[in-house]
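Residues per chain, in single letters:
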Amino acid sequence: MAGIKSLEELKRLKEEALAKRQARTTTGGIQITVGMGTCGIAAGAREAMKAILAVTEEEGLSDIIVRQTGCIGLCEWEPIVEVEIGDQPKVTYGKVTPERARQIMKEHVIGGKEIPEFKIPA
Amino acid sequence: MKFYRSHVLVCVDPECLAKGAHDILDGLQDELVYQGLIDEVQVLETSRIGGCANGPEIVVYPEGVHYVGLSVDQLPFLVEEHFLKGRVVESLLAKEVKRADEELGPPKPKEVRVVLRNCGKIDPENIEDYIAEDGYQALGKVLSEMTPEQVIEEVLASGLRGRGGAGFPTGRKWQFCRSAPGSPKYIICNADEGDPGAFMNRRVLEGDPHSVIEGMIIAAYAIGASRGYIYCRAEYPVAVRTLNIAIKQARNLGLLGDDILGSGFSFDLEVRMGAGAFVCGEETALMASIEGKRGEPRPRPPFPAVKGLWGKPTNINNVETYANVPQIILKGAQWFASMGTEKSKGTKTFAIAGDVNNTGLIEVPLGITLREVIFDIGEGIKGGKKFKAVQTGGPMGGCLPEQYLDMPVDYESLTAAGSIMGSGGMIVMDEDTCMVDIARFFMEFTQDESCGKCTPCRVGTRRILEILERICDGHGKDGDIETLEMLCQQIKATSLCGLGQGAPNPVESTLKHFRHEYEAHIYEKRCPAKVCRGLIHYRISDNVCTGCMVCARNCPVEAISGERRQVHYIDPDICIRCGICQQVCNFNAVEVY
């Protein structure tokens, strides 16, 4: 860390420290989990993940955690994306192309409306 | 703003750097680029995550996973597993999970935390955590907007008084030191917390060292000092270590050293360790100790503000006093003065110990009653017993009985009641406590810690202790009480420093409030609380004893006789009153009378 030489620099350092802290303490009101097993990656999970992150950034979403998980045994449905908002039950989508990922983000995560036709049939 | 799904904090403290933290930083960046994750994962430098003992170390958020002992060749695997696939690499996990602050739980009702606000909340070894909590903003404000006189004005207006116990107005002390001729001037922080059972200052030093450092820099600016010392007892190794880390971090950021925040003001400080003498908590003895001399007090005046360390004007305050200063500057004197009583403003930390259900560290607004502290926060006396007395202010404090429970806790009230605020120890005693024995206990402590420089303290405390020991042994005689009173008065009046002047307090206050107990010891040869060994006897109750022989087998002096299944008998002439028979008896047949 470089030295600080003015009050402005100190204030900037405080903002940075707060941002770092926020990254550490995000409660994760919205949790999105992308299946990132070998099957998922082969089916294009990375592209789905990138699309999700892109929308998050474009829309400036906060209180959101995007994480990965392994193979859940439904390889034919990969890429699989799970969306969990607050206390609502988890929704699992299958065959998530980047386009579908964008749609899920816009309609479900932001709009609050699930997309039944993308869901994996129970 | 760019969104990263994951943040990696890499420790770049000197220890971790020496172990290759820089290579880890570069390696992580390269590997994230190689695996196409660099837009999703942000790598940040941070100071100190764990102990650096197993460095280099990193923490990954949002999961909060802590990896240690990393090497560059592990990075491709780590990045693929954790950052690409989301699998925690168990083999690299830190073994030891950092424990939450166990000494200091969440605030109890009626507590107001000002000094302890950051303790357990921030990482004391990470200056950024302190800065995120408005740390060093007060210093910034002082250096950019305020003159030294304005700083002193603000502290004066807040009504802050010395938290070491004497309660001298802090602003006035600063004023004296500022106007005293001489250069250089020094700032000292008294962190020689030696009262038995008290650990308020240790907690602040270990949990929020920067608040003390910031307070000291502000004080230094106010009085025009360029150099400071924190005098911390060697028995606090963690506090010393934390302080040294904090000082180093502050220095690296330019918050200590030359031209702080571009203001032209320069100040630096260092930690000095005490060697364990209680008297070194006394300011003149403390300064002698810093100078490398024997820790003995000297007469005042001249006060340290005029002639202190190395004969130069010196300002010396307690840990808690300094820790209050940044908050006063930031939130204003009015805010601080809104807490407390007319003459005692703000909050005070106390270490409650003894026979209460809830022992530990608390911070309350001054003016709270003893009853609230003991019964609301302390949740009453252990085992549903009766309250007998509370001793405030450490070994030089007085014991206050029940009728003082509704007295407000502030400097004046405590002094008027024959006790002191002290640094904030509070020992609660239940009905099973013998007050003569308590007086003897504290006198033993002060007598032991007397430095021996002045006669009243050296010889006087010895005499008092001898008399108290005699009374407790059952050999008290008519006239002892009067002799004790005379000794107390004279020691108080003629001792050189606070240790001697305060030493008679426990005796005087117990003589005042529990005189009947002294009289019972001396004239009736009886200890009402059944504590003093010389005045109690053990016997075995005829109708309870089953003759199991457990007591006889455990008696270290073979004072117990009796056949199997026969009632046993304790020979009072052989019995040393160790109480082991009472502890081992399964039938509660051993009684004290």
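Keep in mind it's a predicted model, so treat the numbers as computed, not measured. (Residues numbered from 1 in each chain as written. Chains lettered and ligands numbered in written order. Predicted model: local features only at pLDDT ≥ 70, side-chain atom pairs only at ≥ 80, totals over all residues.)

## Points about the overall build of chain A
To keep it simple, the criterion reads: Secondary structure elements are taken from DSSP: a helix is a run of H or I of four residues or more, a strand is a run of E of two residues or more, and numbering for both begins at the N terminus. In this description the radius of gyration comes from C-alpha coordinates, and the expected globular size is given by 2.2 Å times residues to the power 0.38. Our exposure labels follow a C-beta count within 10 Å of each residue's own C-beta, placed from the backbone: buried means 20 or more other C-beta atoms, exposed means 12 or fewer, and partly exposed covers the counts in between. A pair of residues counts as a contact when their C-beta atoms, built from backbone coordinates, are within 7 Å of each other.
Counting its regular elements, chain A contains 4 helices and 4 strands. For chain A, the N- to C-terminal ordering of α and β elements is α-β-α-α-β-β-β-α. Computed over the C-alpha atoms, the radius of gyration of chain A is 18 Å, more than 25% above the 14 Å expected from 2.2 N^0.38 for a compact globule of 122 residues. Dimensions of chain A, computed from C-alpha atoms along their principal axes, come out at roughly 60 × 30 × 25 Å. Residues counted as buried form 31% of the 122 residues belonging to chain A. For chain A, contacts bridging at least 24 residues in sequence account for 63% of all contacts bridging at least 6.

## Focus on the pairing of strand S1 (residues 30-35) of chain A
Along any regular strand the residues' side chains alternate between the sheet's two faces. Residues and elements named next belong to chain A. Threshold: Criterion used throughout: strands pair if DSSP finds at least two bridges between them.
In the sheet, S1 pairs with strand S3 (residues 81-85) via 5 bridges, with the strands oriented antiparallel. Residue pairing across strands places Val 34 opposite Val 81, the latter belonging to S3. Across 6 bridges, the pairing between S1 and strand S2 (residues 64-69) is parallel. Looking at the pairing, Val 34 lines up with Gln 68 of S2.

## Some details on the interface of chain A and chain B
Going by this rule: By the convention adopted, Pro, Cys, Tyr, Trp, Phe, Met, Ile, Leu, Val and Ala count as nonpolar, Lys, Arg, Asp and Glu as charged, and the other residues, Gly among them, as polar.
Taken together, the contact pairs 28 residues of chain A with 26 residues of chain B. Here the element with the most residues in the side of chain A that touches chain B is helix H1 (residues 7-25) of chain A; it accounts for 10 residues. Looking at the side of chain A that touches chain B residue by residue, the classes come out as 12 nonpolar, 9 polar and 7 charged.

## Some points on helix H11 (residues 283-290) of chain B
Since the α-helix packs 3.6 residues into each turn, any two residues three or four apart lie on the same face. All names here are of chain B. Of all 8 residues making up H11, 7 are buried, and the element is well covered by its neighbours. For H11, every residue scored as buried is listed here: Glu 283, Thr 284, Ala 285, Leu 286, Met 287, Ser 289 and Ile 290. On the buried face of H11, the contacting elements are strand S5 (186-191), strand S6 (227-233), strand S7 (268-274) and strand S8 (314-318). Downstream of H11 by one or two residues, Gly 292 has phi in the positive range, about 90 degrees.

## Things to note about the domain arrangement of chain B
Rule in force here: Start and end points for every domain follow an automatic or database-based domain assignment.
In terms of domains, chain B is made up of domain 1 (6-92), domain 2 (127-337), domain 3 (347-430), domain 4 (435-523) and domain 5 (537-592). Each of domain 2 of chain B and domain 5 of chain B was reduced to a C-alpha centroid, and the two centroids are 58 Å apart.

## Thoughts on helix H7 (residues 170-179) of chain B
All names here are of chain B. Our working rule: What the arc measures is the spread of directions leading from the helix axis to the C-beta atoms.
Every buried residue of H7 is listed here: Thr 170, Gly 171, Lys 173, Trp 174 and Cys 177. Along the axis of H7, the buried residues cluster in a sector spanning 160 degrees; they form a single face. Against the buried residues of H7 lie helix H6 (148-158), helix H9 (209-223), S8 and helix H12 (319-331).

## Comments concerning unusual backbone geometry
Here Glu 78 of chain A and Pro 79 of chain A are connected by a cis peptide whose omega angle stands at -10 degrees. Of note, the bond from Arg 300 of chain B into Pro 301 of chain B is cis; its omega dihedral lies within 30 degrees of zero at -5 degrees. Relative to the elements of secondary structure, Pro 301 of chain B occurs in the loop between H11 and S8. Phi is positive for Lys 95 of chain A, which is not a glycine, with a value near 45 degrees. On the neighbour-count criterion, Lys 95 of chain A (16 C-beta atoms within 10 Å) is partly exposed. Not every positive phi belongs to a glycine, and Glu 379 of chain B is a case in point at roughly 55 degrees.

## Observations concerning the packing of H9 of chain B against helix H10 (residues 237-252) of chain B
Residues and elements named next belong to chain B. Using the following cut-off: Here an angle of 0 to 180 degrees is reported between the N-to-C directions of two axes, which are lines fitted to C-alpha atoms, with helices fitted over the stretch in contact. Any angle that is under 35 degrees is reported as roughly parallel, and any over 145 degrees as roughly antiparallel; angles of 65 to 115 degrees are reported as roughly perpendicular and all others as oblique. Here is the rule for handedness: rotate from the far helix to the near one, and if that takes an anticlockwise turn smaller than a right angle the crossing is left-handed, while a clockwise turn gives right-handed.
Orientation of H9 relative to H10, taken along the N-to-C sense of each, is 55 degrees, at an axis distance of 9 Å. In terms of their interaxial angle, H9 and H10 are classed as oblique. Once H9 is placed against H10, the crossing between them reads as right-handed. Here Pro 209, His 210 and Ile 213 of H9 come into contact with H10, specifically with Thr 242, Leu 243, Ala 246, Ile 247 and Ala 250. Its residues placed into classes, the contact of H9 with H10 shows 6 nonpolar, 2 polar and no charged.

## What to know about the environment of Glu 31 of chain B
All names here are of chain B. Tracing the sequence through the fold places Glu 31 in helix H2 (residues 21-34). A sequence separation of 46 residues divides Glu 31 from Phe 77, and the C-alpha atoms of the two residues are 9.5 Å apart. With residues up to four places along the chain from it excluded, the contact list for Glu 31 reads Leu 75, Pro 76 and Val 79.

## Things to note about the nonpolar core
What counts, and what does not: Think of a nonpolar core as buried Ala, Val, Leu, Ile, Met, Phe, Trp, Tyr and Cys residues, each tied to the set through C-beta atoms within 7 Å.
Residues Met 216, Ile 218, Ala 219, Cys 232 and Val 373 of chain B are the most contacted members of the largest nonpolar core, which totals 147 residues. The biggest single contributor to this core is H9 of chain B, with 10 residues. When residues no more than four places from it in sequence are discounted, the contact partners of Cys 232 of chain B are Ala 191, Asp 192, Leu 205, Ala 239, Val 240, Leu 243, Val 271, Met 273 and Gly 274 of chain B. Core analysis: the next-biggest nonpolar cluster, separate from the first, contains 49 residues, Met 49 of chain A together with Val 12, Leu 25 and Ile 58 of chain B among them.

## Comments concerning the sheet that holds strand S1 (residues 6-11) of chain B
Residue and element names in this part refer to chain B. With mixed pairing, 4 strands are arranged side by side in an open sheet as S2-S1-S3-S4. A single partner strand is all that each edge strand has here, and the edge strands are strand S2 (41-46) and strand S4 (65-67). Going across the sheet, the axis of each strand differs from the next one's by a mean of 20 degrees, ignoring polarity. Alignment of strand S3 (residues 58-61) against S4, held across 3 bridges, turns out to be antiparallel. Each residue of the ladder has a partner; that of Val 60, found in S4, is Val 65.

## Quick look at the confidence of the model for chain B
As a note on interpretation, predicted positions should not be read in detail where pLDDT is low. All names here are of chain B. Keep this limit in mind: The predictor's confidence in any single residue is recorded as pLDDT, a number from 0 to 100.
Looking at chain B, pLDDT values average 91 and 97% of them are 70 or higher. Confidence drops under pLDDT 50 across residues 98-102; counting only partners more than four residues distant or on other chains, this segment forms 5 contacts. Interface confidence for the predicted complex, expressed as ipTM, amounts to 0.76; the pTM equals 0.78.

## Observations concerning the sheet that holds S5 of chain B
Residue and element names in this part refer to chain B. In space, the 4 strands of this open sheet follow the order S7-S6-S5-S8, with parallel pairing throughout. Lying at the two open borders of the sheet, with one neighbouring strand each, are S7 and S8. Looking at each pair of strands side by side, their axes are set apart by 20 degrees on average, direction ignored. Across 6 bridges, S5 lies against S6 in parallel orientation. Residue Ala 191 lies in a different strand from S6, and its bridge partner there is Cys 232. Taken strand by strand, H9 contacts S5, S6, S7 and S8, and its axis lies near 150 degrees from that of S5. Relative to S8, H12 is tilted by about 95 degrees, and along the sheet it contacts S5 and S8.

## Describing the pairing of S3 of chain B
Residues and elements named next belong to chain B. Pairing analysis gives 4 bridges linking S1 to S3, with the strands arranged antiparallel. Bridging from a neighbouring strand, Val 10 pairs with Ile 58 of S3. Count of turn residues in the S3/S4 antiparallel hairpin: 3 residues, of which Gly 64 carries a positive phi of about 75 degrees.

## Overview of the packing of helix H5 (residues 137-145) of chain B against H9 of chain B
Residues and elements named next belong to chain B. Across the interface, H5 lies against H9 with an axial gap of 9 Å and an inter-helix angle of 10 degrees. It follows from the interaxial angle that H5 and H9 lie roughly parallel. Note that H5 runs across H9; the crossing there is left-handed. When H5 is examined against H9, the residues Ala 138, Leu 139, Val 142 and Leu 143 are found in contact with a partner set consisting of Glu 214, Ile 217, Ile 218 and Tyr 221. Here the residues of the contact of H5 with H9 sort into 7 nonpolar, no polar and 1 charged.

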